[in-house]
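# Observations on the three-dimensional arrangement
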Amino acid sequence: MTARIERVVTEGVIDVDGVEHKVENNTWIIGDDDEAIVVDTPRDVEAILDKVGKREVLAVICTHGLPDHVGAAIEVAAKDEAVIALHPKDRRLWRETWSETWPDIEMEDEGLFAVAGVELEVLATPGVTAGGVSLYCEALGAVFTGKTLQADGPGRIGGEYPALADQLTAIGARLFTLPHATRVLPTHGEETTIGDLERHFDDWIGGSLTRTAEERREGPLTDGTRAAGIKINLDD
């Protein structure tokens, strides 16, 4: 069978200072009719497993250790005793959600996962978190960027950039070297392409992101990190 990519959008409600906010996340499933790898599992195990169906789950890959990437990881993996993969620099964040267990695989840069005749290459893309990764599938012309890169630009935590210089370096060196037609499949929002985003890179380097940081902090909450009380230290 030919490998394909499927998306599951899950929703949740979080409370921030007494105000409820709806949060949406993408879960990506790569596979064929027999087997699959699941990328990012924030919540709603039933919705994710409904999309997986009878296929064997080989692995659950977490692009970051934040709650909206790992919240349903153990339950999804339990379906077929699949392995859970996370970069070791995000192990501390993992424990914010799962205090009594650890992931099975510590991902490293340029590692490979295979499913349905295609490979996913691990690209270290730190910045939002120290252990953030993206997953490039050349055969399917797609890169799963987690929170590193989204349709509106570099991803943020609670409207802020924890380590923007590191994030932009990773985007430029690891993502914008991919073919322009490569689909960018993030954990929040709609997809785009490398070519559509790369033309903005000079503006980002020039400071356009930080000039609007205050405006973004006052804007709508797009992830659950701030409410979850997560604090990032990229030296960990």
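Details of the structure are given in the entry above.
Computed from a predicted model, the values in this text were never measured in an experiment. (Residues numbered from 1 in each chain as written. Predicted model: local features only at pLDDT ≥ 70, side-chain atom pairs only at ≥ 80, totals over all residues. Heavy atoms only, no water.)

## Re the overall build of the protein
For clarity, the threshold we go by: What counts as a helix is a DSSP run of H or I of at least four residues, what counts as a strand is a run of E of at least two, and both are numbered from the N terminus. Throughout this description, buried means an accessible area under 20% of the type-specific maximum (1.4 Å probe, protein chains only), exposed means over 50%, and partly exposed covers the range between. Note on contacts: a residue pair is in contact if any heavy atoms of the two residues lie within 4.5 Å. Methods summary: accessible areas were calculated by the Shrake-Rupley approach with a probe of 1.4 Å, and residue burial reflects only the protein chains presented.
Counting its secondary structure elements, the protein contains 10 helices and 14 strands. Buried positions account for 50% of the 236 residues belonging to the protein. Nonlocal contacts in the protein, meaning residues at least 24 apart in sequence, comprise 57% of its contacts between residues at least 6 apart. Counting only carbon and sulfur atoms, one obtains 46% of the accessible surface of the protein, whose full area is about 10,600 Å².

## As for the packing of aromatic side chains
Rules: Only Phe, Tyr and Trp rings take part, Trp by its six-membered ring, and two of them pair if their centres are within 6.5 Å. Stacked means planes under 30 degrees apart, edge-to-face means over 60, and tilted covers everything else.
Under the definition given, this model contains five aromatic pairs. Where F176 meets F201, the ring centres are 5.3 Å apart and the plane angle is 90°; that geometry is what we call edge-to-face. Of this pair, F176 sits in the loop between α5 (164–175) and β13 (183–186) while F201 sits in helix α7 (residues 201–205), and the two are 25 residues apart along the sequence. Look at F201 and you get buried, because its relative accessible area is 17%. An angle of 85° between the planes, with centres 6.3 Å apart, marks the rings of F201 and W204 as edge-to-face.

## Things to note about the nonpolar core
Across soluble globular proteins, nonpolar side chains have a tendency to be buried as a group. We apply this condition: Working definition of a nonpolar core: buried Ala, Val, Leu, Ile, Met, Phe, Trp, Tyr and Cys residues. They are joined through side-chain atoms within 4.5 Å.
Counting 22 residues, the largest nonpolar core has I30, I37, V39, I61, F113, L120 and F144 as the members making the most contacts within it. At the level of elements, β2 (19–31), β3 (35–39), β4 (56–61), β7 (112–115), β8 (118–124), β9 (133–137) and β10 (142–146) are the ones that each hand at least two residues to this core. Leaving out residues up to four positions away in the same chain, I37 has contacts with W28, I29, I30, L58, A59, I61, F113, A114, V115 and L120. Ranked by size, the runner-up nonpolar core spans 19 residues in total, among them V57, A77, W94 and W98.

## Some points on the side chain of N26
The test is simple: Any N or O atom pair separated by 3.5 Å or less is treated as a polar contact, with the protein-specific requirement of one donor-capable and one acceptor-capable atom, and with residues adjacent in sequence counted only for side-chain atom pairs.
With respect to the element layout, N26 can be found in strand β2. Its relative accessible area of 2% is what places N26 among the buried residues. At 3.3 Å, the side chain of N26 and the side chain of R7 are in polar contact. A distance of 3.0 Å separates a polar side-chain atom of N26 from the backbone oxygen of P186.

## Topic: the sheet that holds β8
Strand-to-strand pairing in sheets goes through backbone hydrogen bonds, with the strands running parallel or antiparallel. As a reminder, the rule being used: A pair of strands counts as paired when DSSP detects no fewer than two bridges linking them. Note on geometry: axes are lines fitted to C-alpha atoms, helical ones only across the stretch in contact, with angles between N-to-C directions running from 0 to 180 degrees.
Read across the sheet, six strands follow the order β7-β8-β9-β10-β13-β14 without closing on themselves; strand pairing throughout is mixed. The two strands at the open ends of the sheet, each matched to only one other strand, are β7 and β14 (192–193). Alignment of β9 against β10, held across three bridges, turns out to be antiparallel. Bridged to Y136 within β10 is V143. Of the strands in this sheet, β8, β9 and β10 touch α5, which is tilted by about 145° from β8.

## Things to note about the pairing of β10
Along β10, five of the five residues are buried, which leaves the element largely enclosed by surrounding structure. Burial of β10 is two-sided: the residues A142, F144 and G146 facing one way and the residues V143 and T145 facing the other way are all buried. With antiparallel pairing between neighbouring strands as the criterion, β9 and β10 make up a hairpin whose turn holds four residues, including G141 at a positive phi of roughly 60°. Two strands pair when backbone bridges link them, and β10 and β13 are joined in this way by four bridges, in the parallel orientation. Within β13, the residue paired with G146 across the bridge is P186.

## Focus: the environment of V118
Here V118 is to be found in strand β8. For the pair formed by V118 and T2, sequence separation is 116 residues and the distance between their alpha carbons is 9.2 Å. Leaving out residues up to four positions away in the same chain, V118 has contacts with A3, I30, F113, C137, A139 and L140.

## Thoughts on unusual backbone geometry
Non-glycine residue D44 carries a positive phi angle of around 55°. Structurally, D44 can be placed in the loop between β3 and α1 (45–52). Of note, the phi angle at E81 is positive, near 55°, even though the residue is not glycine. Considering the arrangement of structural elements, one finds E81 in the loop between α3 (73–78) and β5 (83–86).

## Some words on the pattern of salt bridges
Quick reminder of the rule: Within this document, salt bridges are pairs made up of a side-chain nitrogen of Lys or Arg and a carboxyl oxygen of Asp or Glu, the two lying within 4 Å of each other.
A full pass over the atoms with the stated rule returns 10 salt bridges. When the shortest N-O distance is used, the salt bridge between D33 and R4 registers 3.0 Å. Here the residue D33 occupies a position in the loop between β2 and β3, and R4 occupies one in strand β1 (residues 4–16), the gap between them amounting to 29 residues. Residue R156 pairs with D152 through a salt bridge whose shortest N-O separation is 3.7 Å. Taking the relative accessible area as the measure of exposure, R156 reaches 13% and is therefore buried. For D152, a relative accessible area of 46% translates into the label partly exposed.

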